[in-house]
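Inside the fold
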Amino acid sequence: MEKWIAVYCSSSDALSQSYYSLSQDIGIRMVENDYNLVYGGGKVGMMAKVAQTVKNHGGKVIGVIPKSIHENVPAFDELDQLFVTDDMHSRKAKMESLADAFLILPGGFGTLEELLEVITLKQLNYHSKPIIIFNLDNFYESMLAQFQSIMEKNFAKPSYRELFHIVSSVSEIFTYLEDYSPPKQVSKWFDTKNGFFAS
């Protein structure tokens, strides 16, 4: 059975070389571990580097791109399949349905939005797929500190820390995926009458 990772990351071509090197390393290791790629479909940034590397090493690549972006940004030439969606909402839903796991690399506002959506959907038990955040050079340290503050102040349950996994090396990604088991489902809601989170 084919396995697919949705990779969310930057579409910028103006980054430090270390980010593109990371993308290349991940593409190589994905194929070595029998994973194919689902991504945003574009021919720019870290996302294009992952896609090209996966193809160069014999993996499959599916691109999912909204119509309005497809009209202005060229899609990657070597896609095995391209889905053109009506809007961003449809794009995210399609990527989420195709993926067996989600890998979040450094990126901008769009990457953050995609990360928070898959975490929220998992929190609400719409899926139980692994979510991996690659914290290259502490890129996501401030965001993770905010997540910790949210949980400490009871805006979210401490157990939601189990919804995602943080890595800082490529090998950790595939070790986690190999050993992954979904966390116990927990009700989101806070029991205000009794002063604790309902389980």
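This text gives an overview of the structure that appears in the document.

About the criteria used
- Residues numbered from 1 in each chain as written.
- Predicted model: local features only at pLDDT ≥ 70, side-chain atom pairs only at ≥ 80, totals over all residues.
- Heavy atoms only, no water.
- Helix = DSSP H or I, 4+ residues; strand = E, 2+ residues; numbered from the N terminus.
- Rg over C-alpha atoms; globule rule 2.2 N^0.38 Å.
- Buried < 20%, exposed > 50% of the residue type's maximum accessible area, 1.4 Å probe, protein only.
- Contact = heavy atoms within 4.5 Å.
- Phe/Tyr/Trp six-rings, centres within 6.5 Å; stacked < 30°, edge-to-face > 60°.
- Salt bridge = Lys/Arg side-chain N within 4 Å of Asp/Glu carboxyl O.
- Pairing = 2+ DSSP bridges.
- Right-handed = clockwise from strand over helix to strand, strands pointing away.

1. Some words on the overall build of the protein chain
- Broken down by element type, the protein chain carries seven helices and nine strands.
- A globule of 199 residues ought to have a C-alpha radius of gyration of about 16 Å, and the protein chain, at 17 Å, matches this closely.
- Its C-alpha atoms give the protein chain principal-axis dimensions of roughly 55 × 35 × 35 Å.
- The buried share of the protein chain, reckoned over its 199 residues, is 45%.
- In the protein chain, 68% of the contacts between residues at least 6 apart in sequence involve partners at least 24 apart.

2. A closer look at the packing of aromatic side chains
- This model, assessed by the stated rule, comprises six aromatic pairs.
- Where Tyr35 meets Phe174, the ring centres are 6.0 Å apart and the plane angle is 45°; that geometry is what we call tilted. Placement of Tyr35 in strand E2 (residues 35–39) and of Phe174 in helix H7 (residues 170–179) is noted, with a sequence separation of 139 residues between them. There is no split in this pair, since Tyr35 and Phe174 are both buried.
- For the pair Phe139 and Tyr140, a centre-to-centre distance of 4.8 Å together with 85° between the ring planes defines the contact as edge-to-face.
- The class for Phe139 is partly exposed, based on a relative accessible area of 36%.

3. A short note on the pattern of salt bridges
- A full pass over the atoms with the stated rule returns seven salt bridges.
- Across the pair Glu2 and Lys60 runs a salt bridge, and its minimum N-O distance is 2.5 Å. On the criterion of sequence distance, the pair formed by Glu2 in the segment before strand E1 (3–8) and Lys60 in the loop between helix H2 (45–56) and strand E3 (61–66) is long-range, its members being 58 residues apart.
- Its relative accessible area of 41% is what places Glu2 among the partly exposed residues.
- Assessed through its relative accessible area of 36%, Lys60 is described here as partly exposed.
- With a shortest N-O distance of 2.8 Å, Lys92 and Glu117 are connected by a salt bridge. On the criterion of sequence distance, the pair formed by Lys92 in helix H4 (residues 88–98) and Glu117 in helix H5 (residues 109–123) is long-range, its members being 25 residues apart.
- Since its relative accessible area comes to 4%, Lys92 is described here as buried.
- Overlapping salt bridges bring together Lys92, Glu113 and Glu117 as one network.

4. Topic: the pairing of E2
- Among the five residues in E2, five count as buried, and that is most of the element.
- Burial along E2 is two-sided: Tyr35, Leu37 and Tyr39 facing one way and Asn36 and Val38 facing the other are all buried.
- With four bridges connecting them, E1 and E2 associate as parallel partners. By the bridge assignment for E2, Trp4 is matched with Asn36.
- The handedness of the E1 to E2 crossover, carried by helix H1 (residues 17–32), is right-handed.
- As paired strands, E2 and E3 are joined by three bridges and run parallel to one another. Paired with Tyr39 across the bridge in E3 is Gly63.

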